[in-house]
Amino acid sequence: MSPRTEDAYVAWARRFILFHDKKHPAEMGSAEIVAFLSDLAVGRGVGAVTQNQARSALLFLYRIVLGKELEGIDEIVRPHTSPPLPVVLARDEVARVLEALEGTHQIIATLLYGSGMRLLECLRLRIKDIDFQRRQATVRHGKGRRDRRCPLPTKLRPRLEAHLARIEQLHARDRAAGICVRLPEGLARKFPNAPAELSWYWAFPARRATVDRHSGECFRHHLHETAMQRAVKRAATRARLTKRVTCHTFRHSFATHLLEDGTDIRTVQELLGHRSVNTTMIYTHVLDRGPLGVISPTDRL
């Protein structure tokens, strides 16, 4: 699983143990899990997504770690909430937010809207994953650990090429200083020279190198998502938008605007990397013309 999933599962296991006065999980079972998850829904009022994440974490703890099967989990009190509709920006609102951004942040935001990538998928791009000739970027190990290709905006090419030229200079300085990037999983063993090669360098590297507190190794990480999230929030404020704008809003707007332009939903599904078309169907409910092209009776008076 991804490091974020590991951190989330450990956090839920800790909360579960503390909820039951630090009792060891091996001494507990389905009744304690039901009590904990029901308290999340009733006592703390968490949403269905949060409760499902906690449930998955505890099922993993018992079935995989402790090797213990559970019964009676269906007795959990679940919050009755429907998934919220995504926030979508109009095209002029997207332009206003992009204009309020500068430098690398503007390039990343333009790429998010122009390709439909998730924020971390964009920040984890390697230089080799950007193909100007085919006008596409390749997402490696996206959500669900699947690869896919996304469109690369043609209008972004001059700025992105200039940006990568500066990154090439940074890579040269890092290589002279012995600073490399890290490769996923076992690729570092398979390609021992790859961490120092330009093709494997981050397209959007962090400003400062990082020192591993365990090994003492100095390496360059990609730009942290928090910096981008804060930049987009400030840009939305400067653009005087009343909607709640996040980096993921660009992805929602990408999908909705494609459907407005007549792109078939299967293509949008592939571009977004959704496993099921049912997930993509939510964007048909936020189109300006509605899923069936319904016109308000008032407009016909």
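Everything below is about the structure printed above this text.
Residue positions are given per chain, counting from 1 as you read along its sequence in written order. Selection of residues for local features in this predicted model requires a pLDDT of at least 70, selection of side-chain atom pairs for listing and counting requires 80 or more, and totals for whole chains, interfaces and linings are taken over all residues. Side-chain numbers come from the whole structure's heavy atoms, not from hydrogens or water.

Asker: Even after reading the chapter, I still don't get empty space enclosed by the protein, so can you show me in this structure?
Answerer: If a probe as big as a water molecule is rolled over the atoms, it shows which places are left empty. Points on a 1 Å grid, built from protein atoms alone, make a cavity when a 1.4 Å probe fits but cannot get out and make a pocket when they are open with protein on both sides within 12 Å along at least 5 of 7 lines; residues with an atom within 4 Å of a point are the lining residues. Grid points are joined across faces, edges and corners, and a volume is the space filled by probe spheres set on the points. Inspection of the entire model under this criterion finds one cavity of 30 Å³ or more. As a volume, the largest cavity reaches approximately 40 Å³. The residue inventory of the lining of the largest cavity, partitioned by class, reads three nonpolar, one polar and two charged. Each residue receives one of three labels: charged for Asp, Glu, Lys and Arg, nonpolar for Ala, Val, Leu, Ile, Met, Phe, Trp, Tyr, Cys and Pro, and polar for the others, Gly being one of them.

Asker: Help me understand the packing of aromatic side chains in this model?
Answerer: Think of a pair of aromatic rings as described by two things: how far the centres are apart, and how the planes are tilted against each other in angle. Pairing of aromatic rings covers Phe, Tyr and Trp, the last through its six-membered ring, and needs centres within 6.5 Å; plane angles under 30 degrees mean stacked, over 60 mean edge-to-face, and all others mean tilted. Across all of its chains, the model carries five aromatic pairs by this definition. Each ring, one from Trp12 and one from Phe36, has its centre 6.3 Å from the other, and the planes form 70°; the classification is edge-to-face. In this pair, Trp12 is assigned in helix α1 (residues 3–19) and Phe36 in helix α2 (residues 30–42), connecting sequence segments 24 residues apart. The buried label applies to any residue whose accessible area, calculated with a 1.4 Å probe on protein chains only, is under 20% of its type's maximum; exposed applies above 50%, and partly exposed to all values in between. Judged by relative accessible area, Trp12 falls into the buried class, the value being 6%. The numbering of helices and of strands both runs from the N terminus, where a helix is a DSSP run of H or I of at least 4 residues and a strand a run of E of at least 2.

Asker: Explanation requested: the sheet that holds strand β1 (residues 130–131) in the structure shown.
Answerer: Backbone-to-backbone hydrogen bonds pair the strands of a sheet. The strands run either parallel or antiparallel. Between any two strands, at least two bridges found by DSSP are needed for them to pair. With antiparallel pairing, the three strands of this open sheet are ordered in space as β1-β2-β3. Only two strands of the sheet have a single partner each, and these edge strands are β1 and β3 (148–151). Across two bridges, the pairing between β1 and strand β2 (residues 136–139) is antiparallel. Its bridge partner lying in β2, Asp131 is registered against Gln136.

Asker: Which parts of the structure should I look at to understand the nonpolar core?
Answerer: Side chains that are nonpolar tend, in soluble globular proteins, to be buried together. Grouping buried Ala, Val, Leu, Ile, Met, Phe, Trp, Tyr and Cys residues that are joined through side-chain atoms within 4.5 Å yields what is termed a nonpolar core. Core analysis: the largest hydrophobic core is formed by 48 residues, its most contacted members being Ile108, Leu111, Leu160, Phe204 and Phe250. Broken down by secondary-structure element, the contributors of at least two residues to this core are α4 (91–99), α5 (103–115), α6 (119–123), β2, α7 (157–177), α9 (225–238) and α10 (247–260). It is α5 that provides the largest number of residues to this core, a total of six residues. Contact between two residues is taken to exist if any of their heavy atoms lie within 4.5 Å; hydrogens are not considered. The contacts of Leu111, once residues within four sequence positions are left out, are Gly116, Met117, Cys122, Leu125, Leu152, Pro153, Leu156 and Phe204. Among the nonpolar cores identified, the runner-up in size contains 17 residues, and Tyr9, Phe36, Leu37 and Leu58 belong to it.

Asker: Sorry if this is basic, but what is going on with the environment of Ala41 here?
Answerer: Topologically, Ala41 is positioned in helix α2. Put simply, Ala41 and Gln51 are 10 residues apart on the chain and 7.1 Å apart in space, counted from C-alpha to C-alpha.

Asker: Hey, could you run me through unusual backbone geometry in this one?
Answerer: The phi dihedral of Asp21 falls on the positive side, at around 55°, and the residue is not glycine. Assignment of secondary structure puts Asp21 in the loop between α1 and α2. Classification of Asp21 by relative accessible area gives exposed; the value is 70%. For Arg135, which is not glycine, the phi dihedral falls at a positive 55°. Structurally, Arg135 can be placed in the loop between β1 and β2. Exposure remark for Arg135: the relative accessible area of 53% places this residue in the exposed category.

Asker: Mind showing me how you'd approach the pairing of β2 here?
Answerer: Both faces of the sheet carry side chains from a regular strand, because those side chains alternate between them. Where burial is concerned, the two faces of β2 agree: the one with Gln136 and Thr138 and the one with Ala137 and Val139 are both buried. Counted along the chain from β1 to the antiparallel partner β2, the turn is four residues long, and its residue Arg135 has a positive phi close to 55°.

Asker: What should I look at first to understand a nonpolar patch on the surface in this one?
Answerer: A contiguous nonpolar patch, built from Phe60, Ile64, Val65 and Leu66 and spanning about 340 Å² of accessible area, is present on the exposed surface. Looking at where Val65 falls in the secondary structure, it is placed in helix α3 (residues 48–65). Put simply, a patch holds well-exposed residues, over 30% relative accessible area, that have no salt bridge, with like charges counted together within 9 Å and Val, Leu, Ile, Met, Phe, Trp or Tyr side chains within 5 Å. Surface accessibility in these figures is a Shrake-Rupley result with a 1.4 Å probe; residues are shielded only by whichever protein chains are displayed. The salt bridge criterion pairs a side-chain nitrogen of Lys or Arg with a carboxyl oxygen of Asp or Glu, the two atoms within 4 Å.

Asker: Before we go on, may I ask you to explain the pattern of salt bridges in this structure?
Answerer: For side chains bearing opposite charge, pairing can occur when the charged atoms are close. All told, the structure shown has 14 salt bridges when counted by the stated rule. The salt bridge partner of Arg118 is Glu121, with a shortest N-O separation of 2.6 Å. Residue Arg118 shares its accessibility class with Glu121, and that shared class is buried. A salt bridge links Asp129 to Lys128, with the shortest nitrogen-to-oxygen separation between them at 3.1 Å. By relative accessible area, which is 4% here, Asp129 ends up buried. Residue classification places Lys128 among the partly exposed positions, given a relative accessible area of 33%. Linked through salt bridges whose partners overlap, the residues forming this network are Lys128, Asp129, Arg140 and Asp147.

Asker: I keep staring at the layout of surface pockets and nothing clicks. Help me out?
Answerer: Taken as a whole, the second largest pocket encloses approximately 480 Å³ of empty space. Together, 20 residues line the second largest pocket, and Thr104, Pro205, Ala206, Arg207 and Leu223 are the ones closest to its centre. For the lining of the second largest pocket, the element with the most residues is α7, which contributes six residues. Partitioned by chemical class, the residues of the lining of the second largest pocket number seven nonpolar, eight polar and five charged.

Asker: Can you walk me through the pairing of β3 in this structure?
Answerer: Because side chains alternate across β3, one face comprises the buried residues Arg148 and Cys150, and the other comprises Arg149 and Pro151, none of which is buried. One ladder, built from four bridges, connects β2 with β3; its direction is antiparallel. Across the sheet, Val139 pairs through a bridge with Arg148, a residue of β3.

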